[in-house]
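# Structure at a glance
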Amino acid sequence: MTNNIYFIANWKMYGGTSSLSNLNKLINLSKLKKYSKAKIIYFPPFTLIHNFINKVKRSKISVGGQNCHHVKNYGSFTGSISPKMLKDLGCKYVILGHSENRTAGETNDDINKKIKSALNKNLKIIFCIGETLLEKRNKITHSVLKKQINHGLKGIKNFRNILIAYEPVWSIGTGIIPKENELNLNIAKIRKLISKKTKIKLPILYGGSVNDKNINNLKNISGIKGFLVGSASQKTKKFIDIIKKTIN
Ligand code: 13P
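Residues numbered from 1 in each chain as written. Predicted model: local features only at pLDDT ≥ 70, side-chain atom pairs only at ≥ 80, totals over all residues. Heavy atoms only, no water.

The subject of this paragraph is the sheet that holds strand E6 (residues 162–166). If you walk around this closed barrel you meet the eight strands as E1-E2-E3-E4-E5-E6-E7-E8, and the pairing is parallel. The sheet shows a mean angle of 25° between the axes of neighbouring strands, direction not considered. Of the strand pairs in this sheet, strand E1 (residues 5–10) and strand E8 (residues 226–229) are connected by four bridges, and their pairing is parallel. Paired with Phe-7 across the strands is Phe-227, a residue of E8. Where helix H10 (residues 236–246) meets the sheet, its contacts fall on E1, strand E2 (38–43) and E8, and the angle it forms with E1 comes to roughly 165°. (Pairing = 2+ DSSP bridges. Helix = DSSP H or I, 4+ residues; strand = E, 2+ residues; numbered from the N terminus. Axes fitted to C-alpha atoms, helices over the stretch in contact; angles between N-to-C directions. Contact = heavy atoms within 4.5 Å.)

Have a look at this one:
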């Protein structure tokens, strides 16, 4: 495993063409030697991917898609985007299994198909898993994670292009983050489940209400190789602060 620390900006369904003007400071930061291990990846809405790729092309910042269809090339699927299309635009990554898509009906089986197609097109996968508040209260977090991992990664042989993102659903957009011991336990469980599938030590990232304040606590959790940042990533200054506080 490399020494990279991942900083993922998931813009969800936010942003217009004027939103890119603030990125210059971040592009400059990404070129500094001090931050060379910061792997910054933007996931704008599909409508802005092309603009983003142009904007960051002379920097080390990468761009990815927030989702994709399970059919890898082309097909009659109105409103959908395939792995081939993301690749064609210059995307290197795709987020799959995000809880907002699971809530909208995406199943573990759908996610498994999407992962296989996206890997086939040489995209790197940010594979999201995490329990809901009800599952946490019912103390079934570990069995939920097990099901998501075993089902989502079923039949996959090459794990080199997969990163795991642990995002407790109850933490997303709520301002609440897990307690340190809870996070340690869940990360250890994920590590154990993954180690049964591959010898490669896949990077495990954390997402859910990461901001420029709580990053000081989160960055000390061992075993976390980076962060998925939702709302705080839309404010470039906050996102830069998160990076600077993590790598100081
Ligand atoms: P927030 O940082 O807004 O909680 O969103 C997290 C998320 O869903 C990242 O994928």
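Structure shown, so let's carry the discussion forward.
In contact at an axis separation of 8 Å, helix H5 (residues 108–120) and helix H7 (residues 141–152) are set at 40° when each is read in the N-to-C sense. Accordingly, the angle class assigned to the pair H5 and H7 is oblique. The two elements H5 and H7 meet at a crossing, and its hand is right-handed. On H7, the residues touching Asn-108, Asp-109, Asn-112 and Ile-115 of H5 are Lys-147, Gln-148, His-151 and Gly-152. (Parallel < 35°, antiparallel > 145°, perpendicular 65-115°, else oblique. Left-handed = near helix turned anticlockwise from the far one by under 90°.)

Further remarks concern the packing of aromatic side chains. Going through the model one piece at a time under the given rule, you end up with six aromatic pairs. Here Trp-11 and Phe-52 contribute two aromatic rings whose centre-to-centre distance is 5.1 Å and whose plane-to-plane angle is 90°, an arrangement assigned as edge-to-face. Of this pair, Trp-11 sits in the loop between E1 and helix H1 (24–30) while Phe-52 sits in helix H2 (residues 49–55), placing them 41 residues apart in sequence. Accessibility assignment for this pair places Trp-11 and Phe-52 in one class, buried. Their ring planes at 75° and their centres at 5.7 Å tell us that Tyr-42 and Phe-239 sit as a pair that is edge-to-face. Of the two residues, Tyr-42 sits in strand E2 while Phe-239 sits in helix H10, which places them 197 residues apart along the sequence. (Phe/Tyr/Trp six-rings, centres within 6.5 Å; stacked < 30°, edge-to-face > 60°. Buried < 20%, exposed > 50% of the residue type's maximum accessible area, 1.4 Å probe, protein only.)

For the rest of this paragraph, the subject is H5. The terminal C-alpha atoms of H5 lie 18 Å apart, and with 13 residues this matches the ideal 18 Å at 1.5 Å per residue to within 8%. Turning to H5, its buried residues number three or more, namely Asn-108, Ile-111, Asn-112, Lys-114, Ile-115, Ser-117, Ala-118 and Leu-119. Looking at the buried positions of H5, the neighbouring elements they touch are helix H3 (83–89), strand E4 (93–96), helix H4 (99–103), strand E5 (124–129), H7 and E6. (Expected span 1.5 Å × (residues − 1).)

All chains considered together, the criterion is met by six salt bridges. With a shortest N-O distance of 3.7 Å, Lys-213 and Asp-212 are connected by a salt bridge. Judged by its relative accessible area of 60%, Lys-213 falls in the exposed class. Here Lys-237 ties to Asp-241 by a salt bridge, and the two come within 3.1 Å at their closest N and O atoms. Note that Lys-237 and Asp-241 are positioned in helix H10 at a spacing of four residues, about one turn of the helix. For Lys-237, a relative accessible area of 61% corresponds to the exposed category. (Salt bridge = Lys/Arg side-chain N within 4 Å of Asp/Glu carboxyl O.)

Attention now goes to the nonpolar core. Ranked by size, the top nonpolar core spans 62 residues in total, and within it Phe-7, Ile-40, Tyr-42, Ile-115, Leu-153, Ile-162 and Ile-164 carry the most contacts. Residue contributions to this core peak at five residues, all from helix H8 (residues 180–195). One finds Tyr-6, Phe-43, Tyr-93 and Ile-126 within the second-largest nonpolar core, a separate group that totals twelve residues. (Core = buried A, V, L, I, M, F, W, Y, C linked by side-chain atoms within 4.5 Å.)

With that settled, consider H10. Within H10, burial applies to Thr-236, Phe-239, Ile-240, Asp-241, Ile-242, Ile-243 and Thr-246. Looking at the buried residues of H10, the elements they touch are E1, H1, E2, helix H9 (215–218) and E8.

It is worth spelling out unusual backbone geometry at this point. Despite not being glycine, Asn-122 has its phi angle at roughly 65°, a positive value. Turning to its location among the elements, Asn-122 is positioned in the loop between H5 and E5. Note on Asn-122: relative accessible area 52%, which makes it exposed. Although it is not a glycine, Ser-209 adopts a positive phi angle of roughly 60°.

The values are spatial; any link to function lies outside them.
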